[in-house]
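# Structure assessment
If you want the building blocks of each chain, they are given just below.
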There are 2 protein chains.
Amino acid sequence: MLSFEQFDLQDGSPIYLQIIRHVKQSIVAGSAENGDEMPSRRVLSALLGVNPNTVQKAYRMLEEEGIIESRSGAKSYLVLDAEKVQRIREELLENDVQAIVTALKRMGLSKREAISLVDKLWE
Amino acid sequence: MLSFEQFDLQDGSPIYLQIIRHVKQSIVAGSAENGDEMPSRRVLSALLGVNPNTVQKAYRMLEEEGIIESRSGAKSYLVLDAEKVQRIREELLENDVQAIVTALKRMGLSKREAISLVDKLWE
DNA sequence: TCAACCGTATTATACATATAATACAGTCAC
DNA sequence: GTGACTGTATTATATGTATAATACGGTTGA
């Protein structure tokens with residue numbers, strides 16, 4: 001069962017996107033694998049304290065991306081292979097890290113300062 | 001005059017917040033200083049291809065934060081001192097970098113891998 | 001079998017964001 | 001002073017996000 005224990009709701013970004021990102025991060029981290037069971041829409045919405053429709057929207061988009069499979073009445077499962085995992089890894093790393101690198105550059109930081117900052121904030 | 005040449009509209013985050021962030025990044029980078037003139041609402045909206053009301057919303061929030069001053073009929077100017085600049089710097093760096101560090105950790109990267117990634121994507 | 005789940009769908013409401021079309025009065029350079 | 005530009009404000013419309021309240025039929029395990 002994919003865990004949402006480490007998930008904490010932020011504001012500033014849509015909840016359904018945060019749910020999708022959490023699933024993808026779990027996949028890239030290796031804590032979620034092919035065949036793993038997803039929490040049901042109702043259970044997850046209760047756990048996160050959000051509306052079932054919000055979870056459904058996230059799951060629907062995950063299904064459209066081919067990351068999960070759902071059958072009416074039954075549980076949903078992760079459907080992954082090495083190629084998908086690699087694609088998700090690149091999507092998360094390249095996009096997100098590139099965004100922050102661009103922001104730091106625009107603020108006038110040097111590469112050395114940026115690396116030092118990451119080092120400091122890692123703890 | 002504060003420049004928006006390097007500004008490029010992204011999707012995924014509200015435009016008025018992107019405008020605010022760009023102004024703050026310019027301040028932290030030192031390319032915008034106390035007393036600098038802001039582009040007018042109309043000029044900037046034309047330049048960015050967005051609605052004047054969207055720019056107005058960004059400017060209004062910048063004014064509420066004490067970063068710019070506006071007088072009806074006249075141009076708007078940056079109002080900064082060392083303390084404000086320092087506050088903005090901390091807001092941008094701590095929040096944004098901490099967010100990405102958390103994301104990278106959740107993806108199972110080590111500190112060494114994260115730093116190596118920043119180093120690689122800096123070019 | 002059958003009750004308890006499951007996925008899926010619908011309708012309504014509310015708020016945030018963005019656009020469009022105007023309008024009015026203040027400032028400033030000529 | 002006058003015209004061009006400024007900040008400010010209003011009303012309407014559209015879309016995306018989130019919630020609330022239901023409803024229907026499929027799946028599963030005891």
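A few points on the structure.

Under the counting rule described, the total for this entry stands at two aromatic pairs over all chains. The ring of tryptophan 122 of chain B carries the charged tip of lysine 105 of chain A above its face, separated from the ring centre by 5.5 Å.

Turning to the protein's contact with DNA strand D, a few remarks are in order. The immediate surroundings of DNA strand D are formed by 26 residues, with Ile15, Tyr16 and Asn53 of chain A together with Arg41 and Ala74 of chain B found nearest. Considering the 4 Å shell around the protein, atoms of DNA strand D inside it are sugar or phosphate in 61% of instances. Arginine 41 of chain B is positioned such that a nitrogen or oxygen atom in its side chain is 2.5 Å from a phosphate oxygen of DNA strand D. At 3.5 Å from a phosphate oxygen of DNA strand D is found a side-chain nitrogen or oxygen belonging to serine 76 of chain B. Mapped onto the surface near DNA strand D, the elements with two or more residues apiece are helix H1 (15-29) and helix H3 (52-64) of chain A together with helix H2 (41-48) and helix H3 (52-64) of chain B. A class-by-class count of the residues in the surface near DNA strand D yields seven nonpolar, twelve polar and seven charged.

Turning our attention to the layout of surface pockets. Estimates place the volume of the second largest pocket at around 240 Å³. Around the second largest pocket, the lining comprises 13 residues; the ones closest to its centre are Gln6, His22, Ser26 and Ser31 of chain A together with Arg106 of chain B. Elements with a contribution of two residues or more to the lining of the second largest pocket: H1 of chain A together with helix H4 (82-106) of chain B. For the lining of the second largest pocket, the per-class residue count stands at four nonpolar, six polar and three charged.

Cut-offs and rules
Residues numbered from 1 in each chain as written. Chains lettered and ligands numbered in written order. Predicted model: local features only at pLDDT ≥ 70, side-chain atom pairs only at ≥ 80, totals over all residues. Heavy atoms only, no water. Phe/Tyr/Trp six-rings, centres within 6.5 Å; stacked < 30°, edge-to-face > 60°. Lys NZ or Arg CZ within 6 Å of the ring centre and 35° of its normal. Near = heavy atom within 4 Å. Polar contact = N/O pair within 3.5 Å; in protein donor to acceptor, adjacent residues only side chain to side chain. Helix = DSSP H or I, 4+ residues; strand = E, 2+ residues; numbered from the N terminus. Nonpolar A, V, L, I, M, F, W, Y, C, P; charged D, E, K, R; others polar. 1 Å grid on protein atoms, 1.4 Å probe; cavity = no way out; pocket = protein on both sides within 12 Å on 5 of 7 lines; lining within 4 Å. Points joined across faces, edges and corners; volume = space filled by probe spheres on them.

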